[in-house]
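One letter stands for each residue in the lines below.
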Amino acid sequence: KVRSPKPQDDIILLPSYKDAVLMEMLNLGCLAGQALQDAERIKKEKHMTTRTAPSKDMLTRAQQLLERGKVVIPFPTQTLVPPVVDGWQKFWEESEDYKQLFTVDFEKQGDPDDGYIAKDGRLRDDGIYDDRKQIFHYRPRLIKELRTRAMRGVPLPDTRYNEWLLLHCPSLYSECVVTIKRYADALDAVCPGFSFYDRISVAHADDTHVLRLLAYDKDSARGKGHKDKNFLTIHIAESHPGLRTGD
């Protein structure tokens, strides 16, 4: 049953959907008034009630992660990954001019760091060869920036990728962040003193996590050896077998 609208309401939703939709709109930065207050309250309540003690299996995997540097974990791959990959495959076939509409340089370093990023395979300044590949970085601040551009009068891309960007990528991103936080909590239990969970859950931490989609050049179809600089990397799926991990 849906209650009658009241003057202070910004959004009226079925109760079963309201929390999820408000959280998504809060992440996108498009709430105000009573709806914003409701979303902040729900977010605070969820943070207080959803952090539970790690299970025995999770503690075991966290210990293995510390000992080996890698571990296989359960993840809802079949549910969340296919629509993200399908959208990505269509996107990278678009023209370069179109894809550049999704490019953002947040750090103002001269190279894009969010949205669409193309690597041409040249040597970097540090002397390391960079694979020839196309990349897409999704995190909540990308959507906020695209909306800000629209308010400044900068033309936005058309709507053909709205479902991919506003539903599928955020869903996979959110599941990854939740998974990382669960394992950070488990790492705190097996290796106390480092405050893993608190350090990745501080204000604005969501914009430090990134969903990274890759498409390597067709001639090589694989990436060269490299090291990830992040605290935790979840390797979710690949189109070609052959991932190798080192110590």
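Predicted model only: the values in this text are computed from it and were never measured.

About the cut-offs
Residues numbered from 1 in each chain as written. Predicted model: local features only at pLDDT ≥ 70, side-chain atom pairs only at ≥ 80, totals over all residues. Heavy atoms only, no water. Helix = DSSP H or I, 4+ residues; strand = E, 2+ residues; numbered from the N terminus. Buried < 20%, exposed > 50% of the residue type's maximum accessible area, 1.4 Å probe, protein only. Contact = heavy atoms within 4.5 Å. Polar contact = N/O pair within 3.5 Å; in protein donor to acceptor, adjacent residues only side chain to side chain. Salt bridge = Lys/Arg side-chain N within 4 Å of Asp/Glu carboxyl O.

(A) Layout of the environment of Phe 106. For Phe 106, the position within the fold is in the loop between strand E1 (103-104) and strand E2 (114-120). When its relative accessible area of 24% is taken as the criterion, Phe 106 is described as partly exposed. Between the C-alpha atoms of Phe 106 and Glu 145, which are 39 residues apart in sequence, the distance is 9.0 Å. Not counting the four nearest positions on each side in its chain, Phe 106 is found in contact with Asp 113, Asp 114, Arg 141, Leu 142 and Glu 145.

(B) Focus on the side chain of His 209. With respect to the helices and strands, the residue His 209 is situated in the loop between helix H8 (196-199) and strand E4 (211-216). Looking at His 209, its side chain comes within polar contact range of the main-chain oxygen of Ile 200, at 3.5 Å. When sequence neighbours within four positions are dropped, the list of residues in contact with His 209 reads Arg 139, Tyr 173, Val 177 and Ile 200.

(C) Structural detail: unusual backbone geometry. Within the chain, Ser 195 stands out as a residue other than glycine whose phi angle is a positive 55°. What makes Ser 195 partly exposed here is its relative accessible area of 35%.

(D) Fine view of the pattern of salt bridges. For the coordinates displayed, the defined rule picks out 5 salt bridges. Note that Arg 160 is salt-bridged to Glu 94, the shortest N-O span being 3.0 Å. Of this pair, Arg 160 sits in the loop between helix H6 (140-151) and helix H7 (162-190) while Glu 94 sits in the loop between helix H4 (77-92) and helix H5 (96-100), placing them 66 residues apart in sequence. A relative accessible area of 48% means that Arg 160 is categorised as partly exposed. Two residues, Glu 96 and Lys 99, come together in a salt bridge whose shortest N-O distance is 3.8 Å. You can see Glu 96 and its partner Lys 99 sitting in helix H5, 3 residues apart, about one turn around the helix. In this structure Lys 99 comes out as buried when scored by relative accessible area, which is 3%. Each of Asp 114, Arg 139 and Arg 141 takes part in one network of salt bridges that share partners.

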